[in-house]
Every structure is written in structure tokens, then in C-alpha cells.
Amino acid sequence: MAKRKLRNTSKDTSSVVGVKAGQKEMTQPYHYDMFTFAAIALVVAVCVVPLTAEISISGFPHHHPHIVLRMDEAFLTVNNELDTEVVVSWMSERCYQCLYQQLGVVPAGPSPGQPSSVDFVVSTQHGITLQLNSTPINLELCTVPFHFGEHGNYSLWVKNLNDSSVVNCSVVTDADPVNSYIPILVAFLIFAGLALVSAIGKTLLGLDVVRGFLFRIGGSMETERLINSELGSPDRTVAAVTDNILPPPPSPSKRLRSLDTFRGISLVIMVFVNYGGGRYWFFKHESWNGLTVADLVFPWFVFIMGTSIALSINSLLRAGSTRCSLLRKVVWRSLQLFLIGVFVINPNYCQGPLSWDNLRIPGVLQRLGFSYLAVACLDLLVARGHLDILTTDVWWSPGLDILLYWPAWLCVLLLEIIWLCLTFLLPVPDCPIGYLGPGGIGDMGLYANCTGGAAGFIDRWLLGANHIYQTPSSRVTYATHMPYDPEGVLGSINSIVMAFLGLQAGKIILHYRDLPRSIMSRFLIWGLFLGGISAVLTKCSTDQGFIPVNKNLWSLSYVTTLACFAYVLLVLVYYTVDVKKWWSGAPFYYPGMNSILVYVSHEVFEEYFPFRWRMANSQSHAEHLTQNLVATSCWVFISYVLYRKKIFWKI
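Below is a short write-up of the structure. Per chain, the residues get numbers from 1 upward, laid out in the order the sequence is written. It should be noted that, the model being predicted, local features are given only for residues of pLDDT at least 70 and side-chain atom pairs only at 80 or more, the latter also being counted only at that level, while totals for whole chains, interfaces and linings use all residues. To get the side-chain values, all heavy atoms of the structure are used, and hydrogens and water are removed first.

## Let's talk about unusual backbone geometry
The line we're drawing: By the criteria applied, helices consist of DSSP H or I runs no shorter than four residues and strands consist of E runs no shorter than two, each listed in order from the N terminus.
A cis amide bond links Ala586 with the next residue in sequence, Pro587, at an omega value of 0 degrees. For Pro587, the location among the structural elements is in the loop between helix 14 (556-579) and helix 15 (589-593). The linkage connecting Phe609 with the following residue, Pro610, adopts the cis geometry, with an omega of 10 degrees. The residue Pro610 is located in the loop between helix 16 (595-604) and helix 17 (621-644) in this model. Despite not being glycine, Ala479 shows a phi value in the positive range, around 50 degrees.

## A few points about the pairing of strand 7 (residues 128-134)
Side chains on a regular strand alternate between the two faces of the sheet. Convention followed: Under the scheme applied here, a residue whose accessible area is under 20% of the maximum for its type counts as buried, over 50% as exposed, and between as partly exposed, the area being computed with a 1.4 Å probe on protein chains only. If DSSP finds at least two bridges between two strands, the strands pair.
Most of strand 7 is tucked away, with 7 of its 7 residues classed as buried. Along strand 7, one buried face is formed by Ile128, Leu130, Leu132 and Ser134 and the opposite face, lined by Thr129, Gln131 and Asn133, is buried too. Bridge count for strand 4 (residues 86-92) against strand 7 is 7 bridges, and the pairing is antiparallel. Bridge assignment links Trp90 to a residue of strand 7, and that residue is Leu130. Sheet topology note: the strand 7/strand 8 (residues 139-146) ladder contains 7 bridges and is antiparallel.

## So, a nonpolar patch on the surface
Let me state the cut-off plainly: Every patch collects residues that have over 30% relative accessible area and no salt bridge, joining them within 9 Å if they carry like charges and within 5 Å if they are nonpolar side chains (Val, Leu, Ile, Met, Phe, Trp, Tyr). We get accessible surface area from the Shrake-Rupley algorithm with a probe of 1.4 Å; when it comes to residues, only the shown protein chains can shield them. Definition used for salt bridges: Asp or Glu carboxyl oxygen within 4 Å of a side-chain nitrogen of Lys or Arg.
A cluster of nonpolar side chains, contributed by Trp332, Leu335, Phe338, Leu339, Phe343, Val344, Tyr349, Trp356, Val604, Phe605 and Tyr608, occupies part of the molecular surface with about 1,100 Å² of accessible area. Tallying contributions element by element places helix 6 (residues 323-345) first for the nonpolar patch, with 6 residues.

## Structural notes on the state of the cysteines
We count it as follows: Two cysteine sulfur atoms form a disulfide, by the criterion used here, when they sit within 2.5 Å.
A complete count under the given rule lists 3 disulfides for this structure. With a sulfur-sulfur separation of 1.8 Å, Cys95 is cross-linked through a disulfide to Cys98. Negative torsions about the S-S bond denote left-handed disulfides, and the value of about -80 degrees found for Cys95 with Cys98 makes this one left-handed. The buried category is assigned to Cys98, whose relative accessible area is 4%. Between the sulfur of Cys142 and that of Cys169 lies a disulfide, 1.9 Å long from S to S. Negative torsions about the S-S bond denote left-handed disulfides, and the value of about -85 degrees found for Cys142 with Cys169 makes this one left-handed. With Cys142 in strand 8 and Cys169 in strand 10 (residues 166-175), this residue pair connects regions lying 27 residues apart in the sequence. Accessibility assignment for this pair places Cys142 and Cys169 in one class, buried.

## A closer look at helix 6
The condition is simple: How far a helix is expected to stretch is found by multiplying one less than its residue total by 1.5 Å.
In this model helix 6 runs 31 Å from its N-terminal to its C-terminal C-alpha over 23 residues, within 8% of the 33 Å that 1.5 Å per residue would give. Among all positions in helix 6, only Ser325, Leu326, Val330, Ser334, Gln336, Leu337, Ile340, Gly341, Val342 and Ile345 are buried.

## Considerations on the side chain of Arg460
The condition is simple: In summary, the charge assignment counts Lys and Arg as positive and Asp and Glu as negative, without counting His or the chain termini. Here a polar contact is recorded for every N or O atom pair within 3.5 Å, except that within protein the pair must consist of a potential hydrogen donor and a potential acceptor, and residues adjacent in sequence are included only if both atoms are side-chain atoms. The contact rule is simple, with two residues in contact once any of their heavy atoms fall within 4.5 Å.
You can see Arg460 is positioned in helix 10 (residues 454-462). Salt bridges are absent for the buried Arg460, whose nearest opposite-charge side chain, Asp459, sits at 7.3 Å. There is a polar contact of 3.3 Å between the side chain of Arg460 and the backbone oxygen of Pro483. Arg460 has contacts with Asn449, Thr451, Ala465, Ile468, Met482 and Pro483, leaving out every residue within four places of it along the chain.

## Section: the sheet that holds strand 5 (residues 101-106)
Rule in force here: Comment: axis = line fitted to C-alpha atoms, over the contacting stretch for helices; angle = value between 0 and 180 degrees taken between N-to-C directions.
Here 4 strands make up an open sheet; going across it, the order is 5-4-7-8 and the pairing antiparallel. A single partner strand is all that each edge strand has here, and the edge strands are strand 5 and strand 8. For this sheet, the mean angle separating the axes of adjacent strands, direction not counted, is 20 degrees.

## A few points about the environment of Cys169
Note on Cys169: relative accessible area 0%, which makes it buried. Sequence spacing of Cys169 and Val158 is 11 residues, and the spatial spacing of their C-alpha atoms is 4.8 Å.

## Examining the pattern of salt bridges
Summed over all chains, the structure comprises 11 salt bridges. Across the pair Arg263 and Asp260 runs a salt bridge whose closest N-O atoms are separated by 2.6 Å. Of the two residues, Arg263 and Asp260 are both situated in helix 4 (residues 257-274); the distance of 3 residues between them amounts to about one turn of the helix. Classification of Arg263 as buried rests on a relative accessible area of 10%. In this structure Asp260 comes out as buried when scored by relative accessible area, which is 1%.

## Considering the nonpolar core
Quick note on the threshold: For this analysis, a nonpolar core means a set of buried residues of the types Ala, Val, Leu, Ile, Met, Phe, Trp, Tyr and Cys, connected via side-chain atoms within 4.5 Å.
Grouped together as the largest cluster of nonpolar side chains are 85 residues, with contacts concentrated most on Phe303, Leu501 and Phe523. The biggest single contributor to this core is helix 14, with 13 residues. Every residue in contact with Phe523, bar those within four places of it in the chain, is listed here: Ala505, Ile508, Ile509, Tyr567, Leu570 and Val571. Leu76, Val86, Phe148 and Leu156 belong to the second-largest nonpolar core, a separate cluster that totals 23 residues.

## Focus: the environment of Ile547
Note that Ile547 resides in the loop between helix 13 (516-538) and helix 14. In this structure the C-alpha to C-alpha distance between Ile547 and Tyr558, which are 11 residues apart in sequence, comes to 8.7 Å. If we ignore the near neighbours within four places in the chain, the residues touching Ile547 are Trp419, Leu420, Phe424, Leu537, Thr538, Ser555, Leu556 and Ser557.

## What to know about the packing of helix 4 against helix 17
This is how it is decided: Take the far helix as your reference; a near helix turned counterclockwise from it by less than a right angle gives a left-handed crossing, and one turned clockwise gives a right-handed crossing. Only Asp, Glu, Lys and Arg are considered charged, only Ala, Val, Leu, Ile, Met, Phe, Trp, Tyr, Cys and Pro nonpolar, and every remaining residue, Gly among them, polar.
Packing of helix 4 against helix 17 leaves a shortest axis separation of 9 Å and a crossing angle of 145 degrees. Pair helix 4 / helix 17 crosses with right-handed handedness. Contacts from Arg257, Val268, Val271 and Phe272 of helix 4 reach helix 17 at Leu625, Asn628, Leu629, Thr632, Trp635, Val636 and Tyr643. Each residue belonging to the contact of helix 4 with helix 17 can be placed in one class, and the counts come to 8 nonpolar, 2 polar and 1 charged.

Now the structure itself:
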């Protein structure tokens, strides 16, 4: 196809589309000084990252001074040389079976060879497809798939070639976009450098020569201090060695650092994405089907909570606690989590006093409390205090970690059957049976008010539309207007399943306490098994499976996929932290030891310095990333200080 030669300052892209008679062609450790390094890193990040962004943006030629671009936006000038008006519409590539949304209308060219031009602002988060239709007969002229770059300047030329029935649509890059991912690279290099320096420092401190040198320096300083102080006077008494003839108290049971490290990893990422994640799309929740980084952490936190339940209840039963007393503690803790979530986390008191009219009832802590209550009660029903007296010489002994707890497994299977029946069999007014879509413009706009299907209907019927989440992530891509809560009632069933799969990891640790190889092999087997279930349910696709991976719905495939990831990650952390002891788990270990305090506090103090401040450029990924990394690092440092002072908030 012939192409028109453009001016030298433009670079032609490979997005050219021709249409003839309606036919389309598309192209397409325990070292405390690490926190000193962390503080240095934060200073460097504050200074360097914004500078990097300024350098990148300073070279951008502003062809449209009357329009100010925001994050994830680009300029698009549509030049129409046709003798008819052109309607420009667009659709995101992440929007499954969606209607096109109108971008604007470009008038016909005033004369042959002289185009009319209209400027638009387009999104750069994902690739989009532009559709151009002629008016008034609404004939599709061409479709152009293209992924625009942030703050780029582009032109779309619509013209006839030699044959007047052939329409040529080509996108040309007039000014290169900025690289908005450079701040991530800079931040990664800073923290990777800190980890390297910390590892080198630990290695040097382990050398006999360095340790001897430090010991001599420390010994001479201590001698001088004693001589020059009253503590070093001859009258000072020294305790007799015979005072220590009593045997030391029994040491407590060994705590697996890998579990707290795993919990800390989940929590740190959760805090980072809650604070904004630099406003990058992959640090936000997916609009509907699919996964981003933000979608990983909450299920992992639920998973490791289940693991901790198994170990905690076993330890308390071995210590002589009764099941009734443990049940009272479980109910009280669940109630506390629920109340903190409803009255502390959910309301925004900066906007005024608590209002019952629009108080959101579901939430993260409420979901945690409900899952904890259900799984802990199931474990109290079947848990055994002493596992060392069980026989291991029968053929079914390799399945003891499952067979001994069959009543609990039966309850979980019944719960999952209830979820499946409600999801796929419950009639929802004006919606198809078993609908799992987002509504809005999805599914060609046929079910605009059916967001979430049965899950959304149950929440609106049971809790009321004013008491659930009003701005779900589906609004971003699918333009939905129905309230929908990702922590709703129906999804809580699958969060129980997720916690119970974590409970199974705890049972494996208990049954194979001194056999790390067996623990890791069973973790991997479970990961493989759950991954296979996910592959079948999703058909290895984002949108076309039987049950797609969906965080908003907490679908069954979402649970099996994230549990698969959790088992694999737990193997890696367990092997490096508790088996080989290559890594102490720092710095994630410290927030993992104070998870509830860190989570609640990061929500309460979100709008306070040093977690947030007025930015010089609020439309800069670099400044948002710097602010969010500083805020997250502050909570890691606070948790470290609390750990050193042995302050732990337990509820």
C-alpha cells in the first residue's frame, strides 16, 4: 500500500490500515546498619528519581501549549483529508467484548489535499484500538490498534489513496514519549545496591581478621571506660560464678522465621500498593479478569494467616489450653478485627463524623476476621495436640496430614459447592444465570447493571447499595456505574478456602517438623496440583475460561492460582531462611511480626507526614513512586524499632 511521505521530524510507525468496500486489514539478616543504608537510599531516591523524570520530560516538545497532559496520557491529532466527517472511537485492549467509546468528531477537509485537524488526549496505560467511522451512514472506515506512549505526540492521518474507495489510516509519531519506567529502574538499583552492600558487610564481619580487629578496638574502649568510671573502682563486687549453677529455663518452641517473612512480604507490598504504587497501572487492581501485583498480596496474607492458625492452635493445645477457652479467644479476636475494620479503617473522618447512611460494612479486616473465625473453628474441631504419638508404619500414613482432618475438608468442600451453586444457579433480575462479567460497556453493553452477577446482587440485597464499595476497579475500563464490593459476602466463602489451604501448609509443617525436604516436596506438590486446577478452570486464558481469575469476585480459579503461587513462594522463603539460613528475612521479617499494627496504622496515618506531602508535580510517576517508597520504608523502619523494643500488638 502506498504511503504518503511526511515531514522529516516525524517517524512513521507500522500501524497502517486499509479498507476497501468494508474489508479491513490490521497490523499489528540481623545486621542493624542496614537501616542506615535504607535511610541513605531514601535520601538518594528523593533527590535522584525526580531529577531523572525532569531530565526525561525536559526534552519533550510541547506542540499543544493549551493542553496539559496528566500521567498516562498522550496527544493525538487526527487529520482528516476525506470529504466527509469522521467519528473517532476507541476501546482498550484490556476491555473484553466492549463497546467502542466515542472520542470525538473530525470535520471533513475544507478542500482536496487540505486536512482538517482535531486534537485529542488518549490513554497510554494499555494498548487501544481506534475505530474511524464516516457520517452520516456510519460506515466503518478503518480500525487502528496502537499502544501510545506517555506524553508522546502522535498524528493519525485519514486520507484516500489513488483509488478513492481505499481509505488509508496511519499513525505517525511526531514527538517521542517519555520513559515513565525509569524511576522504577532507579529505585530497584538503589535497593539492590543496598542489599549488596549489606551482604558484603555481613561477609566481612564474619571474617576472623575483621572480628578480631573489632574485638580489640571494643576491648580497649571498654577497659578505658571502666578505668575512668566508678564502675571500674576496686570496690566493685563481682557476682560469684556459683550463682549460675541453676539450669537455664527451657527455651520456647522454635518460631519459623520464614512464616513471618512471608507475611511481611505480603504486608509490605500491600502497604506500597495501598499508598498508590507510584500510580503505575500494574500496581493497581485489575479492572476485572486477570492479575496485577496488587491482586497478589491480600490472598497471600489470608493464606499465611491460615498457616499460623494451625501452628498456634497446636502449640496452645500442647500447653494444656482447652478448646472452649481457645474458641472464646478466636471469637473475640474475630470481633475485634471486624470492629476495627468497620469503625477505624473504612470511615474517612477527615471528611466529617461517622455517618450510618453510607458506612461501608465489608472490608479487608472484616474479611480477615470472618475467614479467621471460620478456619480457626474448623481447626479446633479436628486439631490434635500431640502428633508424635501417631503411627507412621501403615500404607496410608503419607496422607495423615489430610486424612486426620477429613471433617474439616468436608466442610470446606460443602462451602465451595455453596459458592458454585449461588454463583451459577442463583437468578439475578435482568441478568443471565451464572453471569461473571463486569457489566457496564462489557459484553457489548447488554448487561450494564449486572456487575458481578450473583455476588453483586447478594451484597446489594443483603447489605444495601449504600453500604458497599461505591468505586470498584471495574469503573476504570468498563465504565460501570453499579456499586460493587470486592470484599463482599459471597467472595468470603472463597477467602475461607484460601485460608484453609494455608492451614494445610501448617499441618504439613507440624507433621514433618524435622524433615524439611518432605515439607518442601509437599509444598511443591500442592502448588502443582492447584496450578493444574487453575489451568483447567481458566483454559490458560484471561477471559475465555470456565471460571476466569478474578480478584473482584474472588473466583475459585483466583484462589487456586494464588494458593499455587503462595506454596511456591513459601518453599523459596522457607528454604533460604529456615533451612539454609542464607537470609534472615530482614527487612520483611519485622513488619511480619507486627502485621496488624502496621496495617491499621498505615491506613489511619495515610494522610500525615512523612507518609504523604504536597508534591511539586502531582502528575509525575517519579514523585508518586518516591513518596510511596518513602512511606513504605518508614513503616518497615517503625516495625524494626518496635521489634528491637519488643513491642508487639496482638489482638
